[in-house]
Amino acid sequence: MKIKTLIFLLISFYTFNSIAQSSFIVKLPVQGEPIKMIKTFDGGYAIIAQVYHNTEKPIETSVFFKYDKYGALSYQISLTDLEDTITVKCYDLIQVESGDFLICGQLRICFL
């Protein structure tokens, strides 16, 4: 009897946890490829993505996106300068205890 109850509880726990909604689908507001997405301390999400700017010379750089817990875009930061001479290729993203974000990447400076 105890085994049947245990099996029932395990199946119920698995079923309820597997159908619970713990995420959402968001289309990035720019053309690019998401690199990493993390859940933030405030219940929202942070994403870094490689994006491709459609200018005279194709520029590839990274953009940081912050979404609230409802999936609405809070803000975005492009990791390049206005001249498109400095670009950043991001590889990883974490949120530190202070609530700030730490992004690991590669800085590229293009002098043409």
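Just so you know, these numbers come straight off a predicted model, no measurement behind them.

Looking only at helices and strands, the chain has 1 helix and 6 strands in total. Ordering the α and β elements of the chain from the N terminus gives α-β-β-β-β-β-β. Within the chain, buried positions represent 23% of all 112 residues. Counting only contacts in the chain whose residues sit at least 6 apart along the sequence, the fraction spanning at least 24 positions is 37%. Surface exposure of the chain reaches about 8,400 Å², of which carbon and sulfur atoms provide 62%.

Tallying each qualifying case throughout the model produces 2 aromatic pairs. Consider the rings of Phe64 and Tyr75, whose centres lie 6.1 Å apart with planes at 40°: the pair is tilted. Of this pair, Phe64 sits in strand E3 (residues 59–67) while Tyr75 is found in strand E4 (residues 73–78), placing the two residues 11 residues apart along the sequence. Their ring planes at 55° and their centres at 5.0 Å tell us that Phe64 and Phe101 sit as a pair that is tilted. With Phe64 in strand E3 and Phe101 in strand E6 (residues 101–109), this pair connects stretches of sequence that are 37 residues apart. Phe64 gets classed as buried once you look at its relative accessible area, which sits at 5%. For Phe101, a relative accessible area of 24% gives the class partly exposed. Site record: aromatic cluster; members linked through ring pairs are Phe64, Tyr75 and Phe101.

Here we take up the environment of Leu28. Mapped onto the elements, Leu28 comes out in the loop between helix H1 (2–19) and strand E1 (32–39). With 21 residues separating them in the primary sequence, Leu28 and Ala49 have C-alpha atoms 8.7 Å apart. The contact partners of Leu28, leaving out residues within four places of it in the chain, are Pro34, Ile47, Ala49, Phe65 and Tyr67.

This part covers the pairing of E6. Sheet topology note: the strand E5 (residues 86–95)/E6 ladder contains 9 bridges and is antiparallel. Across the sheet, Thr87 pairs through a bridge with Arg108, a residue of E6. Adjacent in sequence and paired antiparallel, E5 and E6 are bridged by 5 residues, among which Gly99 carries a positive phi angle near 100°.

If the charged atoms of two oppositely charged side chains come close together, the side chains can form a pair. Going through the model one piece at a time under the given rule, you end up with 2 salt bridges. One salt bridge connects Asp92 with Lys36, and the closest N-O pair in it is separated by 2.7 Å. Taken together, the residues span a long stretch of sequence, with Asp92 in strand E5 and Lys36 in strand E1 at a distance of 56 residues. Between Asp42 and Lys66 there is a salt bridge; the shortest N-O distance is 3.2 Å. In this pair, Asp42 sits in the loop between E1 and strand E2 (45–53) while Lys66 sits in strand E3, placing the two residues 24 residues apart along the sequence. Note on Lys66: relative accessible area 6%, which makes it buried.

Thresholds, definitions, all that
Residues numbered from 1 in each chain as written. Predicted model: local features only at pLDDT ≥ 70, side-chain atom pairs only at ≥ 80, totals over all residues. Heavy atoms only, no water. Helix = DSSP H or I, 4+ residues; strand = E, 2+ residues; numbered from the N terminus. Buried < 20%, exposed > 50% of the residue type's maximum accessible area, 1.4 Å probe, protein only. Contact = heavy atoms within 4.5 Å. Areas by Shrake-Rupley, 256 points an atom, 1.4 Å probe, with all protein chains shown as cover. Phe/Tyr/Trp six-rings, centres within 6.5 Å; stacked < 30°, edge-to-face > 60°. Pairing = 2+ DSSP bridges. Salt bridge = Lys/Arg side-chain N within 4 Å of Asp/Glu carboxyl O.

Nothing here speaks to function; it is all geometry.
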